[in-house]
Amino acid sequence: MKTKPLYWIYYLLGWLCWHPTPVGAAEQGNSPAYQRQLFFGIALGELTMLDQGKSPFIYFGRALWGMHLGYERHTGQSAFGIAAGGSYGSFGAKYHPDRTIRLSDIDVDGQVSNSVIPLDAQMASARIDGYYLRNFKGLSSTRWTFQVGGSLMDEIYYPVDNFIAANPTNIANLDIQGRIGYRVAPCHQLSLDIHSALLAAITREPYDGTFSEPGKTLISSFFSKGTGLYSLPDYQKIELAVHYGFQPVGHLAYGIGGDWTFLHAARPQPYRTLNKRYHLSVGYLF
Amino acid sequence: MKAKKIFLFDRKAVLLGCLLFCTTACEKTWIGEEPSSDATSTFAYLHELFSHHYGLFAVKQVDWDACYEEQRSALTPNSSDRDLYNAITALLTPLRDAHITLYPTNAADLPTWSIDRDANGNFVNDFFDLKVIKNYIPDMRSLQNVDFGSKNEIGYLHIRDFPGNSFKNAEKALDAVYDSLHGVKGLIIDVRDNPGGNDPIAQYFADRLATEKATYMYTRKKTGRTPDGFSAWEKWEVNPRASLVRPIALLTERGTQSAGETFTLAMKTQSNVKSFGGTTAGALSDNVLKELPNGWLVSLSVGDYRDGQFQSYEGLGIRPDEPIETDVETLKRGKDIVLEYAIQYLETH
């Protein structure tokens, strides 16, 4: 398969934290000190998508490069974070690459004009998310921390060229989130975040695939006609994120990590995505 | 102590297991599989696709399932691309829909197919040439998607299409047209090679050019596979914002398609508008592009569009008030007979 070798390059190049862990704080025991951190990261991801209302094909964002900026605040009892980022990369039918579409016209003088348009295109995405977590005091120890809370996330996917079988999609989620932290060694911390969606507002192509309404622009019709509220059983989203944080000395902290998200919206016709991202980040602790 | 080590090992194993599962989980488990791409599967997929999304079976009185059964017998899973192409085009031809286009994307020897294309897949433009218009209106200007000018107090406005995501470009173009043509005594609006665009943009153009409020169109879209699976009817109105009342000659032809036709419906509600030329394409509905399992693309009409009296023109086209025969040879000689009729009409009204 054409993309398989690249898949493993992602592992080598990627792995950075979406939420770098404040290892300096965790080092101090099961009651971390108040700490604030600003972090910046780069990411490499891949997006696999099946939109059965639009196409029978599995679509694939082959190498979506991105960056993000965020802020985290930890107290002994809670954690709060907010991050924003974006990515950009090629996008096309996974098992039918390099297709083209030929358009031709013949003018009044008999001259034929042909244009060949590639069906593979580019995909841009932007994401903003925030979370708030509280400690489970009884479960935490010097090595382990257990936290639970909620998060809000909005993510938009925008295929840049025409003639691609995907349309802009905006997904806003309210999630329940849990975090397990494990202090591997002084200055080294591993954490696992688990999200599951409670409610989502998804804006995407409606069943008929069009956005023309009297007196409305495409964009206003996209939001008014294409937006639906989703919850179980019509909608499932699971996100898992693994992070490894390292704070060698001073104010700087480094992180590597990856996250994996599966999403399924059952209506108007099944829509599924599988999103994998690998991150590297550097943070400044105030 | 031993028990603690086992406990820690188990928890690490869970973490590692989660990580491994996330990053290497089988795509098919989560995303699903693509359908088979052989000829019969592709043909069946197309039939089902149209059953779900095509909005005009009832209007065109086509028994889709019967047509499918008739053509399906010609195919086997091993049928060639050519055989599949022939079966699909035979299935789609009775729909008489210029909005249906088949793009055999990975079969170089098979041309793009639509009822308004020739055997080589070319769309023949033999009814309009802007160079010929300049023989009549030498001081033509172009802005955004319009060309405009005037001669002897007759204004000319050619609308190439109705593109864009906002009304701002349309507003800018029409402001320039009004600035340029405010003194004319009659206006020619030419949409003969207008392939369409966005209906709300066409509605905006009609608002700016019309003088009477009117309901010009009702639309509904497919919402499911059943024959009555449609959205509620949506009403489209002209809300006039024209600053001057003047006679208008509207020029149409078979190259007037889609939003070009909904614009035509809107303008034909106006008592000061008379249309000349040829019958429009008869493809008013919005269309969407879908993919087939073998990689080909097909576009189809997803709506049911009617005029203000619920009359459908799908597959038939909108006839002009004054049909005028023209031919490519006349156009090649630099004469536009339809335009000449329109000028003559406006000079005498």
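See the structure above.
Here's a quick rundown of the structure. (Residues numbered from 1 in each chain as written. Chains lettered and ligands numbered in written order. Predicted model: local features only at pLDDT ≥ 70, side-chain atom pairs only at ≥ 80, totals over all residues. Heavy atoms only, no water.)

1. Side note on the interface of chain B and chain A
The test is simple: Working rule for contacts: check all heavy atoms of both residues, and any pair within 4.5 Å makes them a contact. Salt bridges are defined by distance alone: a side-chain nitrogen of Lys or Arg within 4 Å of a carboxyl oxygen of Asp or Glu. A 3.5 Å cut-off defines polar contacts: any pair of N or O atoms within that distance qualifies, except that in protein one atom must be a possible hydrogen donor and the other a possible acceptor, and neighbouring residues in sequence count only when both atoms are side-chain atoms. Numbering goes from the N terminus for both helices and strands, where a helix is a DSSP run of H or I of at least four residues and a strand is a run of E of at least two. Think of it as three bins: nonpolar holds Ala, Val, Leu, Ile, Met, Phe, Trp, Tyr, Cys and Pro, charged holds Asp, Glu, Lys and Arg, and polar takes everything else, Gly as well.
Counting residues at the interface gives 64 residues for chain B, matched by 59 residues for chain A. Counting across the chain B and chain A interface gives zero salt bridges. Linking chain B to chain A there are 13 residue pairs in polar contact (both at pLDDT 80 or more). If you list the elements that add at least two residues to the side of chain B that touches chain A, you get helix H1 (2-24), helix H2 (27-31), helix H3 (39-53), strand E2 (123-124), helix H9 (199-209), strand E8 (234-238), strand E11 (287-291) and helix H11 (328-332) of chain B. Examining the composition of the side of chain B that touches chain A, we find that eight residues originate from one element, H1 of chain B, more than from any other. Grouping the amino acids of the side of chain B that touches chain A by side-chain chemistry returns 27 nonpolar, 19 polar and 18 charged.

2. Considerations on the packing of aromatic side chains
Describing an aromatic ring pair means giving the distance of the ring centres and the angle of the ring planes. The test is simple: Centres within 6.5 Å make a pair out of two Phe, Tyr or Trp rings, where for Trp the six-membered ring is used; the pair is then stacked when the planes are under 30 degrees apart, edge-to-face when over 60, and tilted otherwise. Note on criteria: charge over ring means Lys NZ or Arg CZ within 6 Å of the ring centre, with the direction from the centre no more than 35 degrees off the ring normal.
Tallied over the full model, the rule gives 21 aromatic pairs over all chains. Aromatic ring contacts, followed pair by pair, group Phe50, Tyr54, Phe57 and Trp64 of chain B into a single cluster. We note Arg267 of chain A situated over the ring of Tyr230 of chain A; from NZ or CZ to the ring centre the distance is 4.1 Å. Taking the ring centre of Phe230 of chain B as reference, the NZ or CZ of Lys222 of chain B above it sits at 5.4 Å.

3. Here we look at the nonpolar core
Residue and element names in this part refer to chain B. Inclusion rule: We define the nonpolar core as a collection of buried residues of types Ala, Val, Leu, Ile, Met, Phe, Trp, Tyr and Cys that are connected through side-chain atoms lying within 4.5 Å of one another. Accessibility here uses a 1.4 Å probe with only protein chains present; expressed as a share of the type maximum, an area under 20% marks a residue as buried, one over 50% as exposed, and anything in between as partly exposed.
Within the largest apolar cluster, 40 residues are counted, with the highest numbers of intra-cluster contacts made by Leu157, Ile159, Ile189, Phe205, Phe263 and Met267. Looking at this core element by element, the count peaks at seven residues for helix H8 (residues 168-181). When residues no more than four places from it in sequence are discounted, the contact partners of Leu157 are Val146, Asp147, Phe148, Leu174, Val177, Leu187, Ile188, Ile189, Asp190 and Leu209. Counting 32 residues, the second largest nonpolar core, distinct from the first, contains Leu75, Leu91, Leu102 and Val288.

4. As for the pairing of strand E4 (residues 146-151) of chain B
Residue and element names in this part refer to chain B. Selection rule: Two strands form a pair only when DSSP identifies at least two bridges running between them.
Here strand E3 (residues 141-143) runs beside E4; their pairing, made up of three bridges, is antiparallel. Residue pairing across strands places Arg141 opposite Phe148, the latter belonging to E4. Remark: two residues form the turn of the hairpin made by E3 and E4, two consecutive strands paired antiparallel; Gln144 in that turn has positive phi of roughly 55°. Counted between consecutive antiparallel strands, the loop separating E4 from strand E5 (residues 154-159) contains two residues, among which Asn152 sits at a positive phi close to 50°.

5. What to know about the sheet that holds strand E7 (residues 214-221) of chain B
All names here are of chain B. Applicable threshold: In this description, a line fitted to the C-alpha atoms serves as the axis of each element, helices being fitted only across the stretch in contact, and the angle between N-to-C directions of two axes falls anywhere from 0 to 180 degrees.
With antiparallel pairing, three strands are arranged side by side in an open sheet as E8-E7-E13. With one partner strand each, in any of the chains shown, E8 and strand E13 (303-307) form the two edges of the open sheet. Within the sheet, the average angular offset between the axes of one strand and its neighbour, ignoring direction, is 20°. The strands that H9 touches are E7, E8 and E13; relative to E8, the one it contacts most, it runs at about 30°.

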